[in-house]
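Structure assessment
For reference, the chains in residue letters:
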Amino acid sequence: MAHAPALPRGFELPLEPRLPRVGSVDAVALEERAATLAKRSIKRESKLQALELAVRMMDLTTLEGSDTPGKVAALCSKALRPDPVDRSVPPVAAVCVYPNLVPTAKQRLAGSTVKVASVATEFPSGQAPTEVKLADVRAAIELGADEIDMVIDRGAFLSGRYAKVYDEIVRVKDASGDAHLKVILETGELGTYDNVRRASLLAMAAGADFIKTSTGKISPAATLPVTLCMLEAIRDVHDETGRMVGMKPAGGIRQAKQAVQYLVVLHETLGVEWLTPDLFRFGASTLLNDVLMQIRKQKTGAYQSLDYFTID
């Protein structure tokens, strides 16, 4: 960090002692460290463990206008048993759907460990009055969602209205009740690493259980440097407050090799305590099949075809 300016507008004075200084991010150093960690190799026996951990950390996701109860039901079946011919492959962490499809997912996943997550707050744009966003959240909770993935108002953030962003997160957290709240920053629209760090700290101060990179609807979505920037913000908050906040990179992670790279960055930045679905998730719609293919390869020694797995 080069210097530590004052906290942005919107942080009330009582919050300041509970947060690290916002600081500015050394972009060159951040990108170099991310690139270096991405080159780390792991032993074969550790690779299988990493791949199975990646499965347990996935939020298997479908967020399309063409989603149907049948598609969600099929996705839930895959979430419960990702590889039908290999029962040792664990279920995923959650299925993420639009609010109106939460009941379908809840019915299919009843009695299992797989959670039902729902996007809310006028996903993906976040462009709606606060009361409309809160109604969206309450509807998802009433329909049975275990987790809420909200989007911040990037327009408010980029125009310096940090208090509005902070207040909405606080109110969404309250409306979410006991459900875990993941706050999506949409980092591809924030422009700089400084903004990513500032938004991460703001979301955590407002009560986020997880901070999440992206909606998956724009490019760029998740990248290793952006994820590292957010993980370092999580580390700093933990060092200052003792609070453990989760992280969810989402969008653009399609290959098993990438998933392993993210796990290496996670381990090196936050340590083994964060290597759990309770504190790290992958937002995934196409990642799972490649991970399953690599798990079969690790177990059998033979390359597999994607034809062996269902298309999500």
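All residue numbers refer to positions counted from 1 along the written sequence of the respective chain. Local features in this predicted model are restricted to residues of pLDDT 70 or higher, and side-chain atom pairs are both shown and tallied only at a pLDDT of 80 or more, whereas totals for entire chains, interfaces and linings draw on every residue. Each side-chain value is derived from all of the structure's non-hydrogen atoms; neither hydrogens nor water enter the calculation.

With that settled, the discussion passes to the pairing of strand β2 (residues 94-97). Along β2, one buried face is formed by Ala94 and Cys96 and the opposite face, lined by Val95 and Val97, is buried too. Paired strands are those between which DSSP finds at least two bridges. In DSSP terms, a helix is any run of H or I states spanning at least four residues, a strand is any run of E spanning at least two, and both are numbered starting from the N terminus. In the sheet, strand β1 (residues 58-61) pairs with β2 via three bridges, with the strands oriented parallel. Across the sheet, the residue bridging to aspartate 59 is alanine 94, located in β2. Clockwise travel from the first strand over the helix to the second, with the strands pointing away from the viewer, marks a crossover as right-handed. For the crossover from β1 across helix α3 (residues 69-80) to β2, the handedness is right-handed. Only protein chains enter the area calculation, which uses a 1.4 Å probe; residues under 20% of their type maximum are buried, those over 50% are exposed, and those in between are partly exposed.

Here the focus is the packing of aromatic side chains. Only the six-membered ring of Trp is used, alongside the rings of Phe and Tyr, when aromatic pairs are assigned; centres must lie within 6.5 Å, and planes under 30 degrees apart are stacked while those over 60 apart are edge-to-face, with the rest tilted. All chains considered together, the criterion is met by four aromatic pairs. Taken together, a centroid distance of 6.3 Å and an interplanar angle of 85° make the contact between tyrosine 262 and phenylalanine 282 edge-to-face. In this pair, tyrosine 262 sits in helix α10 (residues 256-270) while phenylalanine 282 sits in strand β8 (residues 282-284), placing the two residues 20 residues apart along the sequence. With a relative accessible area of 4%, tyrosine 262 lands in the buried category. In this structure phenylalanine 282 comes out as buried when scored by relative accessible area, which is 0%. Aromatic pair phenylalanine 280 and phenylalanine 282: ring centres 5.2 Å apart, planes at 90°, arrangement edge-to-face.

Of all five residues in strand β5 (residues 180-184), four are buried; the element is thus mostly enclosed. Sheet topology note: the strand β4 (residues 147-151)/β5 ladder contains five bridges and is parallel. When the sheet's bridge partners are listed, isoleucine 148 is paired in β5 with leucine 181. Note that β5 and strand β6 (residues 210-212) share three bridges and pair parallel. Paired with isoleucine 184 across the strands is lysine 212, a residue of β6.

It is worth spelling out helix α5 (residues 130-142) at this point. The span you would expect from a helix comes to 1.5 Å times its residue count less one. Compared with the 18 Å implied by 1.5 Å per residue over 13 residues, the 18 Å span of α5 between its first and last C-alpha is a close match. Within α5 the residues assigned to the buried category are Thr130, Lys133, Leu134, Asp136, Val137 and Ala140. The buried side chains of α5 occupy one side of the element, clustering within an arc of 155° when seen end-on. Just downstream of α5, glycine 144 is the residue with a positive phi angle, here 115°. Each C-beta atom gives one direction from the helix axis, and the arc is the one those directions make.

Strands sit in the order β7-β6-β5-β4-β3-β2-β1-β8 across an open sheet of eight strands; the sheet is parallel. One side of each edge strand has no neighbouring strand; the edge strands of this open sheet are β7 (246-248) and β8. Taken pair by pair, the neighbouring strands of this sheet meet at an average axis angle of 25°, ignoring direction. Sheet topology note: the β6/β7 ladder contains three bridges and is parallel. Across the sheet, residue lysine 212 finds its bridge partner in β7, namely lysine 248. Here helix α7 (residues 162-176) sits on the sheet and contacts β4 and β5; the angle it forms with β5, its principal contact strand, is near 150°. All axes here are fitted lines through C-alpha atoms, helices being fitted over the stretch that makes contact, and every angle between N-to-C directions spans 0 to 180 degrees. Here, residues are in contact when the closest pair of their heavy atoms is within 4.5 Å.

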